[in-house]
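Tertiary structure, described
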Amino acid sequence: MATTTKPMPVFWADKARAEMGDDRFTSEQRDPLSQDLLAWNVFQSLESHSDPDWLAYRMQQFGGTEVSAPVRVQMWTGRDTEPLLQPSRGYVDTVRERATAAGATEADIAAFRTPIEVPVRMESPDVLCLIDVVMDTVDRGTKGRDRLLEIIDAGLEHARHLSKTLAVAVVYRSGSPAAKELSARLDQLRATLASELPHQPGAAKVQLREVSWQQLLRVWESEVDYLDLPSSPKPFLEHVKRNGLY
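First, a word on scope: everything that follows refers to the structure included in this document. Everything numeric in this text was worked out from a predicted model, so none of it was measured. (Residues numbered from 1 in each chain as written. Predicted model: local features only at pLDDT ≥ 70, side-chain atom pairs only at ≥ 80, totals over all residues. Heavy atoms only, no water.)

1. Observations concerning the sheet that holds strand β2 (residues 118–123)
Keep this limit in mind: Strand pairing is assigned whenever DSSP identifies at least 2 bridges connecting the two strands. In this text, helices come from DSSP runs of H or I with a minimum length of four residues, and strands from runs of E with a minimum of two, each type numbered from the N-terminal end. Where helices are involved, their axes are fitted lines through C-alpha atoms of the stretch in contact, as for all axes, and angles between N-to-C directions lie from 0 to 180°. Contacts are assigned to residue pairs with any non-hydrogen atoms lying within 4.5 Å of each other.
Strand order in the open sheet made by the 5 strands is β1-β2-β3-β4-β5, with mixed pairing throughout. Since the sheet does not close on itself, it has two edges, and those belong to β1 (72–77) and β5 (207–212), each with one partner. Strand-to-strand twist across the sheet, computed as the mean angle between neighbouring axes with direction ignored, equals 20°. In the sheet, strand β3 (residues 127–133) pairs with strand β4 (residues 165–172) via 7 bridges, with the strands oriented parallel. Its bridge partner lying in β4, Cys129 is registered against Ala167. Each of β2, β3, β4 and β5 touches helix α4 (residues 52–63); the most contacted strand, β5, lies at about 110° to it. The strands touched by helix α7 (residues 147–162) are β2, β3, β4 and β5; relative to β4, the strand with the most contacts, the crossing angle is about 145°.

As structure tokens, this is what we get:
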């Protein structure tokens, strides 16, 4: 696989730096396949699509067929940027019971009450969709817990407040260890989610979806003429192709 150590070209780099913070932005630029910057380029630009109805149709791959225009996208929200994604009381109580049995203290358990961050928050009139992004390895939740359950639990709390249904999607690199692990876990959760989050009565109705970066980037390229980009898409597309994401 051909790779490059050159930084990824970033659309609206000043805005990305402002939203991420200088340290995080600088750190991410050291990684030519930064999943954060990749997500920024793709999702931030998709929101600029000139046809809102067509964009909503495209975003159904993440949120299901109930996604409709207008679609709004926010990056890296939930922990430090509102709307916050707070774990439910039932989730924290379950963690406390298990952690206390294992010898944890209240100070240890306090971490599970903190809000969580999701890379992409997509909202349409009837659907809230939270999108996690990874590259080759699976991110873990607070203190190593199951990140998908963490996102679904907090997402259900927020979706209920908005009177919307919840969808949770994951983007990964096709063929990677993460792809195999996440795909298997999503298949399992489609059958077991209600029992794994018994304190969440709406858990069984959550839509769980998965999309590869390769698939998403092909969709993005097909829509590029309808996006309000600040510069040519060519350097970005050449970069992801050199790095095996196409």
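So, next bit.
2. Structural notes on the pairing of β4
Here is the rule we go by: Between buried and exposed lies partly exposed: a residue is buried under 20% and exposed over 50% of the maximum accessible area for its type, with that area taken using a 1.4 Å probe on protein chains only. We call a crossover right-handed when, viewed with the strands running away from us, the connection from the first strand over the helix to the second turns clockwise.
Within β4, 7 of the 8 residues are buried, which leaves the element mostly enclosed by the surrounding structure. Sheet analysis places β4 next to β5, joined by 6 bridges and oriented parallel. Residue Ala167 lies in a different strand from β5, and its bridge partner there is Gln207. The β-α-β motif built from β4, the intervening helix α8 (residues 177–196) and the parallel element β5 has right-handed crossover chirality.

3. Notes on the pattern of salt bridges
Where charged atoms of side chains with opposite charge meet at close range, the side chains can pair. We count it as follows: By salt bridge we mean one thing: a side-chain nitrogen of Lys or Arg within 4 Å of a carboxyl oxygen of Asp or Glu.
For the coordinates displayed, the defined rule picks out 19 salt bridges. The residue Arg79 makes a salt bridge to Glu117 at a minimum N-O spacing of 3.4 Å. Of the two residues, Arg79 is situated in the loop between β1 and α5 (89–101) and Glu117 in the loop between α6 (106–110) and β2; the sequence distance between them amounts to 38 residues. Looking at Glu117, the relative accessible area reads 14%, which means it is buried. Residues Asp136 and Arg173 are paired through a salt bridge, measuring 2.7 Å at the closest nitrogen-oxygen approach.

4. Examining the environment of Ala178
Position of Ala178 among the secondary structure elements: in helix α8. Separated by 40 residues in the primary sequence, Ala178 and Val138 have C-alpha atoms spaced 5.3 Å apart. Setting aside chain neighbours within four positions, we find Ala178 in contact with Val134, Met135, Asp136, Thr137, Val138 and Ser183.

5. Brief notes about α8
Our working definition: In this analysis, the expected span of each helix is defined as 1.5 Å times one less than the number of residues it contains. A residue's bend is given by the angle between axes fitted to the 7 residues ending at it and the 7 residues starting at it.
With 20 residues, α8 extends just 24 Å between its outermost C-alpha atoms, more than 12% less than the 28 Å of an ideal straight helix rising 1.5 Å per residue. Arg190 marks the point of greatest bend in α8, at about 60°. Where α8 is concerned, the buried positions are Ala178, Ala179, Leu182, Arg185, Leu186, Leu189 and Leu193. For α8, the elements touching its buried residues are α7, β4 and β5.

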